[in-house]
Amino acid sequence: MLMSISALERVTGQTSARRAGVAQTPVRNMLAAEDWLCRAQDASREGGVSYGYTFGRGWREPYPETSGYIVPTFLRLATLRDPSYRARARRIVDWLLRIQNADGSYANSRYGPEGIVFDTGQVLFGLVCAWRQHAEEAVLAAARRAAQWLCEVADELDTPHTYNTRSAWALLEMDAIEHDDRRMAVARANLDWAVESQRPSGFFEHCAFRAGRLPFTHNIAYATEGLLEAGVRLQEGRYLTAAKRAADAALMHLRSDGFLPARISVDGRAGSITCCLTGNCQLAVVWARLAELEGDDRYRDPACRALDYVMATQDLASNNDGVRGGIAGSHPVWGPYAPLTFPNWAAKFFIDAMWMRATWTR
């Protein structure tokens, strides 16, 4: 689908912030994304956060997977800026408790009622974070069931998705609340398999959504962040080293203007002329985290450049509530990752990364 920028703007009503004459600053763009994420939740009566806004479809149904890991973002915002986010996090958690499968898993309605490993792992983050905030037995019970299901289907954790390191990390967060040898074993087995899947390029086999496809930077960042945070939690050097290798490999593809190719092959070749904005935000989180952990300022500039590129695509003036302040899946917006859509997780990771960036300027 080929359209000029002006033609697309006529179809979608989208204009760039620069064309609209709205001055951009990190704080203004971050707050605009926060407002967008709140509207995404308010678009759903159930309490979860809408999958996002898609041109021609409007606001989509609430999405359990990403609503789960938006809980920690909302609770962080409640502490950092506005206590009202605590109620928003609570609405998500109450919804997640209602929709949990009897076996403890979480499903994606687009694929049927069966539980999905990755989705359940991401919801587990929200349940664990909510337990730490409120210590409610119902929340802990739901987290136990989700973790137990992940352990029962452990063989699926090492099927071709190395980005399930992020599910292994979730199991480790649950284990930090109450230790269970099985949880630890399952998490380590998945992380070990991911390390074994890392190639000399620094990138991972089995990292794409589908076999035979090139992974998006979104997938690569999931795999990298899972290894990084698991390494921190376990103080395990092998996982930290693998994460740093992947982060450094992605860094080699970052242009001076902050552009990253949407897809990168396992042997380190760029596979797209478009950008996956979500991947930019997630890798900015990884680079910012490495800057924190290692006190290495060489990761700060890449994180800022990746975020500046995303900011330049963000529309702060649209009269469309689904567009204004949101982060598109791709740039250009018709690119292959979440085409014509502003997904909720893009805004979530943008906000997380921008708050990390804000600490550097205090």
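None of these values were measured; they are calculated from a predicted model.

**Student:** Honestly, the sheet that holds strand E1 (residues 52-54) in this entry has me stumped. Any pointers?
**Tutor:** The strands making up a sheet associate through backbone hydrogen bonding, with each pair oriented either parallel or antiparallel. Here three strands make up an open sheet; going across it, the order is E2-E1-E5 and the pairing antiparallel. Only two strands of the sheet have a single partner each, and these edge strands are strand E2 (58-59) and strand E5 (341-343). Bridge count between E1 and E5: three bridges; the pairing is antiparallel. Looking at E5, one finds that Thr54 is bridged to Thr341.

**Student:** Whenever I open this one, the packing of helix H9 (residues 181-196) against helix H10 (residues 217-234) confuses me. Can you help?
**Tutor:** Helix packing geometry: the angle between the two helix axes and the distance between the axes. Closest axis-to-axis distance for the H9/H10 pair is 11 Å, and the angle between their directions is 130 degrees. The angle between the axes of H9 and H10 places the two elements in the oblique class. As H9 runs across H10, the sense of the crossing is left-handed. Taking contact as the criterion, the partners of Met184, Arg188, Leu191 and Val195 in H9 are, on H10, Gly226, Leu227, Ala230 and Leu234. Grouping the constituent residues of the contact of H9 with H10 by class yields six nonpolar, one polar and one charged.

**Student:** Before we go on, may I ask you to explain unusual backbone geometry in this structure?
**Tutor:** With the exception of glycine, the majority of residues adopt a negative phi angle, and the majority of peptide bonds are in the trans configuration. Put simply, His331 and Pro332 share a cis peptide bond, and its omega is 0 degrees. Here Pro332 shows up in the loop between strand E4 (330-331) and E5. Unlike most non-glycine residues, Gln235 shows phi in positive territory, near 55 degrees. Assignment of secondary structure puts Gln235 in the loop between H10 and helix H11 (237-251). With phi around 60 degrees, Leu340 is a residue other than glycine that occupies positive phi space. Inspection of the secondary structure puts Leu340 in the loop between E4 and E5.

Calculation notes
Residues numbered from 1 in each chain as written. Predicted model: local features only at pLDDT ≥ 70, side-chain atom pairs only at ≥ 80, totals over all residues. Heavy atoms only, no water. Pairing = 2+ DSSP bridges. Helix = DSSP H or I, 4+ residues; strand = E, 2+ residues; numbered from the N terminus. Axes fitted to C-alpha atoms, helices over the stretch in contact; angles between N-to-C directions. Parallel < 35°, antiparallel > 145°, perpendicular 65-115°, else oblique. Left-handed = near helix turned anticlockwise from the far one by under 90°. Contact = heavy atoms within 4.5 Å. Nonpolar A, V, L, I, M, F, W, Y, C, P; charged D, E, K, R; others polar.

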